Amino acid sequence: MEGGNSPHVQLQQIPLATAAVSVQPHTDSFSYKENLIGALLAIFGHLVISIALNLQKYSHIRLAGSKDPRAYFKTKTWWCGLFLLVLGELGVFSSYAFAPLSLIVPLSAVSIIGRYVLSFVGCGLAIVGTYLLITFGPNSHEKMTGENITRHLVSWPFLLYMLVEIIIFCLLLYFYKEKNANYVVIILLLVALLGSMTVVTVKAVAGMIVVSIRGNLQLNYPIFYIMLVCMIATAVFQATFLAQASQLYDSSQIASIGYILSTTVAITAGATFYLDFTGEDVLHICMFALGCLIAFLGVFLITRNRKKSVPFEPYISMDAMPGMQNMHDKGIAVQPDLKASFSYGALENNDNTPEIYTPATLPIVQEQHGSRGVSAPPYRVLEHSKKE
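The rules behind the values
- Residues numbered from 1 in each chain as written.
- Predicted model: local features only at pLDDT ≥ 70, side-chain atom pairs only at ≥ 80, totals over all residues.
- Heavy atoms only, no water.
- UniProt positions renumbered as here; feature names shortened; annotations may be inferred.
- Axes fitted to C-alpha atoms, helices over the stretch in contact; angles between N-to-C directions.
- Helix = DSSP H or I, 4+ residues; strand = E, 2+ residues; numbered from the N terminus.
- Parallel < 35°, antiparallel > 145°, perpendicular 65-115°, else oblique.
- Left-handed = near helix turned anticlockwise from the far one by under 90°.
- Nonpolar A, V, L, I, M, F, W, Y, C, P; charged D, E, K, R; others polar.
- Buried < 20%, exposed > 50% of the residue type's maximum accessible area, 1.4 Å probe, protein only.
- Phe/Tyr/Trp six-rings, centres within 6.5 Å; stacked < 30°, edge-to-face > 60°.
- Expected span 1.5 Å × (residues − 1).
- Patch = residues over 30% accessible without salt bridge, like charges linked within 9 Å, V, L, I, M, F, W, Y side chains within 5 Å.
- Areas by Shrake-Rupley, 256 points an atom, 1.4 Å probe, with all protein chains shown as cover.
- Salt bridge = Lys/Arg side-chain N within 4 Å of Asp/Glu carboxyl O.

Taking an unreviewed UniProt entry as the reference, the chain is identified by name as NIPA like domain containing 3 belonging to Meleagris gallopavo. Reading the Subcellular location (unreviewed entry) entry of the UniProt record for the chain gives the comment "Membrane". According to its UniProt record, the chain has this under Sequence similarities (unreviewed entry): "Belongs to the NIPA family."

Visitor: How should the packing of helix 9 (residues 184-213) against helix 10 (residues 222-248) be read in this particular structure?
Guide: When two helices pack together, their arrangement is given by the angle between their axes and by how far apart the axes lie. At a minimum axis distance of 8 Å, the contact between helix 9 and helix 10 shows a crossing angle of 150°. Classified by the angle their axes make, helix 9 and helix 10 are roughly antiparallel. In this structure, helix 9 crosses over helix 10, and the sense of that crossing is left-handed. Tallied by class, residues from the contact of helix 9 with helix 10 come to 23 nonpolar, five polar and no charged.

Visitor: Hey, could you run me through the environment of Leu283 in this one?
Guide: Mapped onto the elements of the fold, Leu283 is located in helix 12 (residues 282-304). Overall, Leu283 belongs to the exposed group, its relative accessible area being 54%. Distance from Leu283 to Phe136, taken between C-alpha atoms, is 8.6 Å for residues 147 residues apart in sequence.

Visitor: Just to check I follow, could you spell out the packing of aromatic side chains for this structure?
Guide: The geometry of two aromatic rings is summed up by the distance between their centres and the angle between their planes. A full pass over the atoms with the stated rule returns 11 aromatic pairs. By way of ring pairs, the aromatic residues Phe158, Tyr161, Phe273 and Tyr274 are connected into one cluster.

Visitor: Help me understand helix 12 in this model?
Guide: Because an α-helix packs 3.6 residues into every turn, residues spaced three or four apart end up facing the same way. Given a rise of 1.5 Å per residue, 23 residues ought to cover 33 Å, and the 33 Å separating the end C-alpha atoms of helix 12 matches this to within 8%. Among all positions of helix 12, only Phe288, Gly291, Cys292, Ile294, Ala295, Phe296, Gly298, Val299, Ile302 and Thr303 are buried.

Visitor: I keep staring at a nonpolar patch on the surface and nothing clicks. Help me out?
Guide: The grouping of Trp156, Leu160, Leu163, Val164, Ile167, Ile168, Leu171, Tyr174 and Phe175 at the surface amounts to a nonpolar patch, some 920 Å² of accessible area in total. By secondary structure assignment, the location of Phe175 is in helix 8 (residues 156-177). Take Phe175: its relative accessible area is 39%, and that puts it in the partly exposed class.

Visitor: Whenever I open this one, the UniProt feature "transmembrane region" (unreviewed entry) in the chain confuses me. Can you help?
Guide: When the UniProt feature table is mapped onto this chain numbering, "transmembrane region" (unreviewed entry) sits at residues 36-56, 77-96, 116-137, 158-176, 182-211, 223-242, 254-275 and 282-302. Structurally, residues 223-242 comprises 100% helix and 0% strand, and the distance from its first C-alpha atom to its last is 28 Å. Secondary structure over residues 254-275 splits into 91% helix and 0% strand, and the C-alpha atoms at its two ends are 29 Å apart.

Below is the structure:
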């Protein structure tokens with residue numbers, strides 16, 4: 001009887017296992033709802049961050065001439081900007097718990113649109129690219145449990161990706177520190193490589209917190225604290241390199257190049273660690289890549305059309321004076337080398353010089369000094385002539 005019943009039992013179990021394997025998360029309507037929630041949170045967060053940075057910048061500009069370097073701490077505008085900045089960062093942080101990493105990262109173009117609304121074409125392209133990213137973005141969802149994150153962390157694709165990233169990071173750091181290669185691409189590549197690890201750990205931490213709030217506690221797994229430490233460390237070093245780049249290059253150039261590099265590297269890291277594009281068809285992947293390219297082009301046009309501020313020069317340019325050479329010419333002395341005689345106070349003293357450039361002759365004035373009316377000798381004034 002047992003031998004006759006065992007095939008029947010196996011036949012009853014096979015359909016259950018097959019049904020469990022054939023379930024695809026991207027066909028669930030609830031996953032699209034989570035994508036929409038994550039995208040809206042990211043857009044809201046980036047817009048609020050853009051407003052917060054503008055408020056803080058306005059406060060710094062108003063107090064630029066203050067003797068107290070920390071006078072902005074006493075203004076309500078700066079604190080309001082700080083509150084909005086924290087609120088925006090919380091919105092972006094929460095978005096990683098709902099939508100795939102590859103969908104959230106490119107949406108940072110919204111903050112650039114809010115900061116540099118100077119090109120209608122660029123803004124239009126960035127909006128079209130954002131629409132394509134949301135519509136054709138990856139729709140893979142997975143519970144961020146400690147077991148799943150540990151399994152992704154020790155998978156061979158991610159280990160190979162980490163090996164390549166560490167080698168590239170060390171080479172770039174060597175050229176930047178030892179060879180003084182202060183190119184904007186090298187610095188922002190360092191920022192992008194660190195930022196890719198930041199977004200991977202942010203999604204893990206945010207996802208485990210959301211799963212814990214829903215009732216399945218994940219804070220007792222060591223992987224949560226490992227990801228938390230990595231998130232803080234990479235964010236700090238990323239901010240350090242970004243601050244060094246801001247001291248050397250214009251903010252618009254950093255915004256465009258940094259967005260393109262950081263988005264590309266972060267999408268690659270998300271696709272390797274979380275397998276964002278698993279189960280997606282070729283059409284969705286191609287449309288998503290097209291959305292990224294359109295958003296890149298839009299951000300580039302926005303930042304490129306931004307007017308560069310002309311620094312104030314508190315001196316008179318010497319090239320505006322007749323007979324004087326340009327002080328910015330390379331290899332040329334500032335003081336003119338004249339063959340003719342040169343008198344201090346006159347630009348040029350030769351026979352071909354107009355009369356208005358010849359030194360003036362002071363008149364002889366006699367004054368009486370003393371109470372006895374004795375006339376004092378007149379002042380001796382040197383007569384200048386045009387003779388060489």
